[in-house]
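Each chain is listed here by its residues.
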Amino acid sequence: MSQIGRKELKFAISIPEYHILIHKLKWLMTRDEHAGRDGKYHIRSAYFDNMDDRILTEKKEGYLNRDKYRVRIYNLSTSVIHLERKSKRNNQTFKTKCPLTRKEYEAIRRGETEWMEDDVRPLIRDLYGEMTRRLIKPVAVVDYEREAYTYPYGNVRITFDQNIRTSLRNTAMFDRNLPMVPVMEEPLIILEVKFDEYLPDMIKYALQAVDTRTEAYSKYQLSRMFG
């Protein structure tokens, strides 16, 4: 891949740990500019997999090289819709994205893919190849609230995701009344730390305030625990 890869760490932390860490980070980092007045924004993603759950299996078994496709919207708005591919290559993460329309997503959901083969967007053509070879398709929608902070040195981004819910294989992601169920029995928060070449010491010290020994499941993996 041509773009620069990033390192990514994921952990599940408790509500008290979240409050301790937020108190430290708000003096060190800048809150995400896209956040609302409460500092958060809503994310909804439709994830792709095949009948054998191959993408889920590759994640659970820790494959060093794997790709995951999703369609993402923010705050339940259709003004910005992205098709994204998140790739793992050894210990680095790469993300590629392109704009998508609601009509195009609905066509993909119905299995109408002929138009994708010669599309001008390379990512659309790549997805077409995966849909024809590996038979992947949208299988689940995942919702959550995100709070994000950034730090320029090391290009650090720290996010806190909570209230994670899944649609149980209903992929009508533009339905504002889409039935959703929580994916975690305990009120835990998914902490993600993303950075380029290095993680600044002051950020490392702040993270020592919480128990980051156990890596968390991905949100897609959590959603699929329900079927």
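What counts and what doesn't
Residues numbered from 1 in each chain as written. Predicted model: local features only at pLDDT ≥ 70, side-chain atom pairs only at ≥ 80, totals over all residues. Heavy atoms only, no water. Phe/Tyr/Trp six-rings, centres within 6.5 Å; stacked < 30°, edge-to-face > 60°. Helix = DSSP H or I, 4+ residues; strand = E, 2+ residues; numbered from the N terminus. Buried < 20%, exposed > 50% of the residue type's maximum accessible area, 1.4 Å probe, protein only. Core = buried A, V, L, I, M, F, W, Y, C linked by side-chain atoms within 4.5 Å. Contact = heavy atoms within 4.5 Å. Polar contact = N/O pair within 3.5 Å; in protein donor to acceptor, adjacent residues only side chain to side chain. Pairing = 2+ DSSP bridges. Salt bridge = Lys/Arg side-chain N within 4 Å of Asp/Glu carboxyl O. Expected span 1.5 Å × (residues − 1).

Caption draft 1: Focus on the packing of aromatic side chains. Under the defined criterion, the tally for this structure stands at 6 aromatic pairs. Centroid distance Tyr-41 to Tyr-74: 6.2 Å. Interplanar angle 50°. Geometry classified as tilted. Of this pair, Tyr-41 sits in strand E3 (residues 40-49) while Tyr-74 sits in strand E4 (residues 65-74), and the two are 33 residues apart along the sequence. Judged by relative accessible area, which is 26%, Tyr-74 ranks as partly exposed. Seen from their ring centres, Tyr-149 and Phe-160 are 6.4 Å apart, and the 85° between their planes marks the pair as edge-to-face. Here Tyr-149 is found in strand E7 (residues 137-151), whereas its partner Phe-160 is found in strand E8 (residues 156-166), with 11 residues between them in sequence. Per residue, the accessibility class of Tyr-149 equals that of Phe-160, and both read buried.

Caption draft 2: A look at the nonpolar core. Counting 25 residues, the largest nonpolar core has Phe-48, Val-71, Leu-83, Leu-100, Leu-127 and Met-173 as its most contacted members. Among the elements of the structure, E3, E4, strand E5 (77-89), helix H3 (102-109) and helix H4 (122-133) are those that each provide at least two residues to this core. With 5 residues, H4 is the largest single contributor of residues to this core. Leave out the neighbours within four places in its chain, and Met-173 touches Arg-44, Ser-45, Ala-46, Val-71, Arg-72, Ile-73, Tyr-105, Val-141 and Leu-178.

Caption draft 3: Seen up close, the side chain of Asp-119. One can find Asp-119 in the loop between H3 and H4. Exposure remark for Asp-119: the relative accessible area of 12% places this residue in the buried category. In this structure the side chain of Asp-119 is engaged in a polar contact, spanning 2.7 Å, whose partner is the side chain of Arg-121. Once residues lying within four places of it in the same chain are set aside, the contact partners of Asp-119 are Ile-124 and Arg-125.

Caption draft 4: Quick peek at the pairing of strand E10 (residues 189-195). Most of E10 is tucked away: 7 of the 7 residues are buried. Of the strand pairs in this sheet, strand E1 (residues 7-13) and E10 are connected by 7 bridges, and their pairing is antiparallel. Paired with Glu-8 across the two strands is Lys-194, which belongs to E10. Pairing of E8 with E10 involves 5 bridges; the strand directions are antiparallel. Bridge assignment links Phe-160 to a residue of E10, and that residue is Leu-191.

Caption draft 5: Inspection of the environment of Leu-207 at higher detail. Relative to the assigned elements, Leu-207 resides in helix H5 (residues 201-207). In this structure Leu-207 touches Leu-21, Ile-158, Leu-191, Val-193, Leu-199 and Thr-212, once residues within four positions along its chain are discounted.

Caption draft 6: Representation of the pattern of salt bridges within the structure. Scanning all chains against the criterion turns up 27 salt bridges. With a shortest N-O distance of 2.8 Å, Arg-6 and Asp-196 are connected by a salt bridge. One end of the pair, Arg-6, is in the segment before E1; the other, Asp-196, is in the loop between E10 and H5, with 190 residues separating them in the sequence. The structure contains a network of salt bridges with shared partners spanning Glu-8, Lys-10, Lys-86, Arg-146, Asp-161, Glu-192, Lys-194 and Lys-219.

Caption draft 7: Just H4, in detail. Its 12 residues place the ends of H4 16 Å apart at the C-alpha level, agreeing with the 16 Å of an ideal helix rising 1.5 Å per residue. Of the positions making up H4, those classed as buried are Leu-123, Ile-124, Leu-127, Tyr-128, Gly-129, Glu-130 and Met-131. Against the buried residues of H4 lie E3, E4, E5, strand E6 (92-99) and H3. Of the residues trailing H4, Leu-135 is marked for its positive phi of about 60°.

Caption draft 8: Highlighting unusual backbone geometry. Notably, Asn-75 is not glycine yet its phi reads approximately 55°, a positive angle. Positionally, Asn-75 belongs in the loop between E4 and E5. Despite not being glycine, Arg-169 has its phi angle at roughly 75°, a positive value. Relative to the helices and strands, Arg-169 resides in the loop between E8 and strand E9 (181-182).

Caption draft 9: Here's a closer look at the pairing of E8. E8 sits mainly inside the fold: 8 of its 11 residues count as buried. Here 9 bridges tie E7 to E8, and the two strands are oriented antiparallel to one another. Bridge pairing in E8 places Arg-146 opposite Asp-161. Hairpin connection between E7 and E8: a loop of 4 residues separates the two successive antiparallel strands, and Gly-154 in this loop has a positive phi of roughly 85°. Sheet topology places E8 next to E9; 2 bridges connect them, and they run antiparallel. Counterpart to Arg-165 in the pairing with E9 is Pro-182.

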